[in-house]
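Per-entry structural report
Take a look at the letters that make up each chain.
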Amino acid sequence: MPRLLVTGGAGFIGANFVHHWLERHPDDRLIVLDALTYAGNLANLEPVKDRSAFRFVRGDIRDTALVEELLREEGLDTVVHFAAESHVDRSIHGPDAFIETNVQGTHSMLKAARKVWLEGRTVPSHRFHHVSTDEVYGSLAPDDPAFHERTPYAPNSPYSASKAASDHLVRAYHHTYGLAVTTSNCSNNYGPFHFPEKLIPLMIVNLLHGKELPIYGDGRNVRDWLHVSDHCRGIELILQDGRPGEVYNIGGGVESENLTLVETLCRVADAAFTEQKDLGSRFPDCPAARGGKASGLIRFVKDRPGHDRRYAIDCGKIERELGYRAAVTLEAGLRETFNWYLANEWWWRAVMDGSYERWIDTHYR
Ligand code: NAD
Ligand code: DAU
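The rules behind the values
- Going along each chain's sequence as written, the residues are numbered from 1 onward.
- Starting at A for chains and at 1 for ligands, labels are handed out in the order in which the entities are written.
- Local features in this predicted model are restricted to residues whose pLDDT is 70 or higher, and side-chain atom pairs enter the listing and the counts only when it is 80 or higher, whereas totals over whole chains, interfaces and linings include all residues.
- No hydrogens and no water enter the side-chain calculation; it runs on all heavy atoms of the structure.
- Whether a residue is buried, partly exposed or exposed follows from its accessible area with a 1.4 Å probe, protein chains only, as a fraction of its type maximum: under 20%, in between, or over 50%, in that order.
- By the criteria applied, helices consist of DSSP H or I runs no shorter than four residues and strands consist of E runs no shorter than two, each listed in order from the N terminus.
- Think of it this way: DSSP has to see at least two bridges between two strands before they count as a pair.
- Only centres within 6.5 Å qualify two rings of Phe, Tyr or Trp (six-membered ring in Trp) as a pair; their planes then separate them into stacked at under 30 degrees, edge-to-face at over 60, and tilted for everything else.
- By definition, being over a ring means that NZ of Lys or CZ of Arg is both within 6 Å of the ring centre and within 35 degrees of the ring normal.
- We call a residue near a given molecule or strand whenever any one of its heavy atoms falls within 4 Å of it.
- Any pair of nitrogen or oxygen atoms within 3.5 Å is treated as a polar contact; in protein, a donor-acceptor pairing is required on top of that, and neighbouring residues in sequence qualify only through side-chain atoms on both sides.
- Areas reported as accessible are Shrake-Rupley estimates using a 1.4 Å probe. Residue values count occlusion only from the protein chains shown.
- The convention used is that axes are lines fitted to C-alpha atoms, helices contributing only their stretch in contact, and that angles between N-to-C directions extend from 0 to 180 degrees.
- Three classes are used, and their members are as follows: Ala, Val, Leu, Ile, Met, Phe, Trp, Tyr, Cys and Pro are nonpolar, Asp, Glu, Lys and Arg are charged, and the others, Gly among them, are polar.
- By salt bridge we mean one thing: a side-chain nitrogen of Lys or Arg within 4 Å of a carboxyl oxygen of Asp or Glu.
- Here, nonpolar core refers to any group of buried Ala, Val, Leu, Ile, Met, Phe, Trp, Tyr and Cys residues whose side-chain atoms link them within 4.5 Å.
- Residues are treated as being in contact if the distance between any of their heavy atoms lies within 4.5 Å.

**What about the pairing of strand β2 (residues 30-34)?**
Summarising burial for β2: five of the five residues are buried, a large majority. Looking at chain direction, strand β1 (residues 4-7) and β2 are connected through four bridges and run parallel. Residue pairing for β2: V6 is matched across the bridge by V32. Where β2 meets strand β3 (residues 54-58), five bridges bridge the pair, whose relative direction is parallel. Looking at the pairing, I31 lines up with R55 of β3.

Structural data, given as structure tokens:
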């Protein structure tokens, strides 16, 4: 039975992974290590916090001694490394935190794993899984083939450059020291617990309030969208049967221009307001509450500097080798996600009005 250290487990994908794993492997020991930055939220882990197999540790991945202690003390043999600064716009305005967490932090994790697992020989076998992004491959022209595992790296933002550097360090620790690593490079996730600074949750929250929906540039940038549950399943397959030293791309196989995606989301919202009569009184400022269309809120705004034009993912390798298939269609996933935000208004309000920050200050700082 694996014993896992999940870094960044209080963030969006990390928390979804914790729920995914503990549902399927309820007896596995699972420790979350998370610094609880603005993106980390203990409310995301509320449903599992009292389980005996689960432990939360507030700490920084750059604290190598802490990571070594956890690996030793808990007899852990598996690291699933999510912790990162993850928002491209923030990396443009303040790259330092991205170098510190994504590059130095990943190196700290690798050093600890090497010391405990390779030098200390604390466990008979081990696995270090690194969660990375398709953004390391750069930007595609409209007719370029999708990114595959041998596409040369060409990161364009401080975020993607920091993730690319971390990927190289992971690779180097395998080749030089024999650390049993795997890496996944994944496309744009969406789903529950997604922080409302990223495109989909930001648009949901804005349209419910009747606020403008800002589309960068001409809205024709293309992303591949993946429901977070499919990402978690992909990582589970890699942990179970992925080959050490290998890289696996994970995607949803659905390319969409940003404008089209936001228009689809607006239609999902309009339909929900027609079907669920209470929404009009809960969100009176949404145009759909007055029989209007949410898409009327769309506004084109100044483009993101260096904005990558297109991402597309070839996930043939993980499909062939590990039997991966994305199960959630974009339309169904957007409906389900919209409904999650309707049902969990307390969650995003707490994140956005600062009350969660104040709660954390009282309890953890
Ligand atoms: P997120 O920003 O929602 O969560 C990041 C988590 O890491 C937070 O809980 C935060 O508190 C924690 N953290 C940050 N710095 C830390 C530090 N120094 N020490 C310990 N914990 C720290 O991110 P996410 O969207 O869930 O992404 C998770 C991982 O997946 C990242 O590595 C990201 O690069 C990668 N990824 C994300 C996407 C996506 O669409 N969101 C797609 C592909 C890959
Ligand atoms: O591709 C995987 C990456 O996807 C992950 O590695 C990143 O961690 C994750 O944040 C995401 O990066 P993006 O930059 O693609 O995601 P974001 O939600 O910020 O933006 C998606 C697209 O929407 C992008 O083309 C920019 C555009 N956008 C975004 C925002 C926030 C807008 O047009 N308006 C907006 O307000």
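**Considerations on the packing of aromatic side chains**
Counted by the stated rule, this structure contains 15 aromatic pairs. When the ring of F193 is compared with that of W340, the centres are 5.1 Å apart and the planes differ by 70 degrees; the resulting orientation is edge-to-face. With F193 in the loop between β7 (188-190) and α6 (199-208) and W340 in helix α11 (residues 330-343), the pair connects residues that are 147 residues apart, well separated along the chain. With relative accessibility at 17%, the residue W340 sits in the buried group. The structure contains a cluster of three or more aromatic residues connected by ring pairs, namely Y137, F147, Y153 and Y311. Here the guanidinium or amino end of R90 rests over the ring plane of Y38, the centre of that ring lying 3.5 Å away. Sitting over the ring of Y248, K317 keeps its end group 4.8 Å from the ring centre.

**What about the site of ligand 2?**
Neighbouring residues of ligand 2: 24 residues in total, closest T133, D134, Y159, R304 and H307. Within the backbone of S86, one N or O atom sits 2.7 Å away from an oxygen atom of ligand 2. L199 has a polar backbone atom sitting 2.8 Å from an oxygen atom of ligand 2. For ligand 2, whose accessible area on its own is 690 Å², the fraction buried by protein is 94%. Elements that contribute at least two residues to the shell around ligand 2 include exactly α6 and β8 (213-216).

**Re the sheet that holds strand β9 (residues 222-227)**
In spatial order, the strands read β7-β9-β11; together these three strands make up an open sheet with mixed pairing. Edge positions in the open sheet fall to β7 and β11 (255-257), since each of these has one partner strand only. Shown here is a sheet whose adjacent strand axes are inclined to one another by a mean of 50 degrees, direction ignored. The pairing of β9 with β11 spans three bridges and is antiparallel. Paired with R223 across the bridge in β11 is S256.

**Section: the site of ligand 1**
Residues in close proximity to ligand 1 total 28 residues, the closest being I13, D34, S86, Y159 and K163. In this structure, A35 approaches ligand 1 through a main-chain N or O atom, which is 3.1 Å from a nitrogen atom. Between ligand 1 and S86, the relevant distance is 2.7 Å, taken from an oxygen atom to a side-chain nitrogen or oxygen of the residue. Alone, ligand 1 offers 840 Å² of accessible surface; in the complex the protein occludes 96% of this. Looking at the shell around ligand 1, the elements with two or more residues in it are α1 (12-24), β5 (127-133), α5 (158-177) and β7. The dominant element in the shell around ligand 1, judged by the number of residues it contributes, is β5, at three residues. Taken together, the residues of the shell around ligand 1 sort by class into 13 nonpolar, twelve polar and three charged.

**Here we look at the pattern of salt bridges**
Scanning all chains against the criterion turns up 26 salt bridges. With a closest N to O distance of 3.4 Å, K49 and D50 form a salt bridge. Exposure remark for K49: the relative accessible area of 42% places this residue in the partly exposed category. Between E236 and R233 there is a salt bridge, and its shortest N-O distance comes to 2.9 Å. Taken as a pair, E236 and R233 lie in helix α7 (residues 228-241) at a separation of three residues, close to a single helical turn. When its relative accessible area of 35% is taken as the criterion, R233 is described as partly exposed. One network of salt bridges, with partners in common, ties together R3, R29, R55, E73 and E74.

**Some remarks on the nonpolar core**
Ranked by size, the top nonpolar core spans 74 residues in total, and within it F17, L45 and L207 carry the most contacts. For this core, the element with the highest residue contribution is helix α8 (residues 258-275), accounting for nine residues. Residues L70, V79, V170 and L179 belong to the second largest nonpolar core, which totals 24 residues.

**A word on the sheet that holds β3**
The strand order β3-β2-β1-β4-β5-β6-β10 describes an open sheet built from seven strands, whose pairing is parallel. Looking at the sheet topology across the chains shown, the edges are occupied by β3 and β10 (247-250). Going across the sheet, the axis of each strand differs from the next one's by a mean of 20 degrees, ignoring polarity. As judged from the four bridges shared by strand β6 (residues 181-186) and β10, these two strands associate in the parallel manner. Within the sheet, the bridge partner assigned to N185 lies in β10 and is N249. In this fold α7 packs onto β4 (78-81), β5, β6 and β10, with an angle of close to 150 degrees to the strand it touches most, β5.

No statement about biological role is implied by the geometric values presented.
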